[in-house]
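Remarks on the overall topology
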Amino acid sequence: MEGTEGRSDPSSSVVADWSLVFWTLCSVTLPVLITLWCSFQRSRRQVLIREIFRKSKHDWHYTDLFGQPSYCCVCAQHILRGAFCNCCGLRVSEGCLKKADQLFLCKEIMMRSNGGTHSSMPHHWIRGNVPLCSCCMICKQQCGTQPKLCDYRCVWCQYTVHDECMMDCLKTDECTFGEFRDLIIPPYYLSTINQMRKDKRTNYEKVVPYCRKHWMPVIILANTRSGNNMGETLLGELKTLLNPVQVFDLSKIAPAKALQLCTLLPCNAVRVLVCGGDGTVGWVLDAIDEMKIKGQERYIPQVAILPLGTGNDLSNTLGWGAGYAGEVPVEQILRNVMEADGIKLDRWKVQVTNRGYYNLRKPKVFTMNNYFSIGPDALMALNFHAHREKTPSLFSSRIINKAVYFFYGTKDCLVQECKDLNKKIELELDGERIELPNLEGIIVLNIGYWGGGCRLWEGMGDEPYPLARHDDGLLEVVGVHGSFHCAQIQVKLANPVRLGQAHTVRLILKSSKMPMQVDGEPWAQGPCTVTITHKTHALMLYHSGEQTDDDASSTSEQDHVREQTDEDI
């Protein structure tokens, strides 16, 4: 009996083993199946949302988390995940997207024509989600204080009104377009111009607000791929404040096409805000030069800059700062554009002709706004450019970009790839041969700043040299002893080797291959002749905001330039 009791039943142990295997498989496969089902449902939902976005007249953007308490404009419930319209500011939950498309109109870029002309338009109200610290235009008390969908905002003038004050507001239904009325292109203006073009009339001067004295419509050209990738956010905020037809994404439309809007606007009154780096600014200025070739000189706009690139030396020279990272509200940027003064910028033609007995290639021709260089800084730019071409995803931050530049600069200090440049090159300033000391690099400057914020020509500021100007038809030519010397100049521990100023610069590379760059666009160049001559002027906008110590020395110079530009205009 005892032996029988001690033995276990083999069939029951097998059942227990299979039961353990079954529940183990369930515990493993069930979470996997649930995850796969959720992923399938999520992807299906995203396909449906993208289809709604594609067909909608709203500029919808999906978000997993709103940055501030938000309420759905359809169901009035609190939302965390949903969509918002970049143009009118409408916010809806995911399930109410279709209904929102049917119930709410977005900003109209052009008023629907009913056969007559318009000189005004009504408010376009959106309920709820008013900006923080906004005040009612009727009672002057704060709006949006209740934790629910409440109060109204006009998508054009940005005025806000309490629910209970709305009846009083309806008595004055005409929209004034608010603080930025002088920058906005009204929808009724575009519809009137469109009708006049159909009738083959061109006397736009009689159309309101064309005839208004201080109207200076602005066109926004933003490069969403520049520097720290802030272009997308800026596009949305600017579409909210202006007419969406004024805001262009340069990754989707070329500047030459976007600037044709100038031909429908007042002559010599349009302002362009370029959001991007110095390369983007050069791209836009090239498109403006094309307008001159087409005979559209009277429509040429003045150009302001919002610096989103890495170096931003041209922006720094014109008072717009060394880099934008969202620290200034978009409203203040538009105020700065309105208050900015006109100024001229020299643009130069750089012609590179290869040397050799059997050379049949056409000369390379570049347009220079900032500077031309040969030597260590061009080598750093070339290495940086090659690295970015291989892995563009790594270069999404201005800090990372500068760190990579620092790495290649440190490497060149040890290797000295550009040494004995003075033995390989000849320099002529206005036809006069210049004897070169022992150098590794030569830099030809058109503007005051170089290398991401350094005033190269002035150096430490301890020697009485005339200030560099960007409208005098003169180039400043300096030499550097190497990458370490460049670093010393940037922290004001050394002066550059000043070689002179000239209207025409000629460099002859006699032997070997050397790195060169024009405005940050580098390449490796063999024996050649480089000739730099004046090409044209560009009309820019100068912002006289907060000044640094480096800028204070050039204040009187900029005042003189602005006075001279005003006289020319």
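For every chain, the first residue of its written sequence is number 1, and the numbers climb from 1 along that sequence. Local features in this predicted model are restricted to residues whose pLDDT is 70 or higher, and side-chain atom pairs enter the listing and the counts only when it is 80 or higher, whereas totals over whole chains, interfaces and linings include all residues. Side-chain figures throughout are based on the complete set of non-hydrogen atoms in the structure, without hydrogens or water.

Named according to an unreviewed UniProt entry, the protein chain is Diacylglycerol kinase originating from Chunga burmeisteri. UniProt positions are given in the numbering used here, feature names are shortened, and annotations may be inferred rather than shown by experiment. In the Sequence similarities (unreviewed entry) part of its UniProt record, the protein chain is described as follows: "Belongs to the eukaryotic diacylglycerol kinase family."

So, about the layout of surface pockets. Residues are called lining when one of their atoms sits within 4 Å of a cavity or pocket point, these points coming from a 1 Å grid over the protein atoms alone, where a cavity is a set in which a 1.4 Å probe fits but cannot get out and a pocket is an open set with protein on both sides within 12 Å along at least five of seven lines. Grid points are joined across faces, edges and corners, and a volume is the space filled by probe spheres set on the points. The volume enclosed by the second largest pocket comes to roughly 1000 Å³. In this structure, the second largest pocket is lined by 37 residues; those nearest its centre are P131, Q158, T240, L241 and E331. Numbering of helices and strands runs from the N terminus, with a helix taken as a DSSP run of H or I at least four residues long and a strand as a DSSP run of E at least two residues long. Broken down by secondary-structure element, the contributors of at least two residues to the lining of the second largest pocket are β1 (60–63), β4 (82–85), α6 (231–241) and α10 (330–339). Here the element with the most residues in the lining of the second largest pocket is α6; it accounts for six residues. Classes in brief: Ala, Val, Leu, Ile, Met, Phe, Trp, Tyr, Cys and Pro nonpolar; Asp, Glu, Lys and Arg charged; the others, Gly included, polar. Along the lines of polarity and charge, the residues of the lining of the second largest pocket split into 18 nonpolar, 13 polar and six charged.

Time to look at the side chain of H162. Within the element layout of this structure, H162 appears in the loop between β8 (160–161) and α4 (166–169). Any residue under 20% of the maximum accessible area for its type is buried, any over 50% is exposed, and the rest in between are partly exposed; the area is computed with a 1.4 Å probe on protein chains only. Residue class for H162 comes out buried when judged on its relative accessible area of 8%. Whether two residues are in contact is decided by their heavy atoms, any of which lying within 4.5 Å being enough. Beyond its immediate chain neighbours, meaning those up to four positions away, H162 contacts C136, C139, Q141, Q142, C143 and D151.

Another aspect to go through is the sheet that holds strand β22 (residues 497–502). Strand order across the open sheet formed by six strands is β22-β21-β18-β15-β24-β25, with antiparallel pairing between neighbours. Each edge of the sheet is formed by a strand with only one pairing partner; in this case those strands are β22 and β25 (521–525). Sheet twist, expressed as the average angle between the axes of neighbouring strands with direction ignored, equals 15°. Whether two strands pair comes down to DSSP finding at least two bridges between them. Bridge count for strand β15 (residues 371–374) against strand β18 (residues 441–445) is four bridges, and the pairing is antiparallel. Its bridge partner lying in β18, I374 is registered against I442. Each axis is a line fitted through C-alpha atoms, and for a helix only the stretch in contact is used; angles between axes span 0 to 180 degrees, taken between their N-to-C directions.

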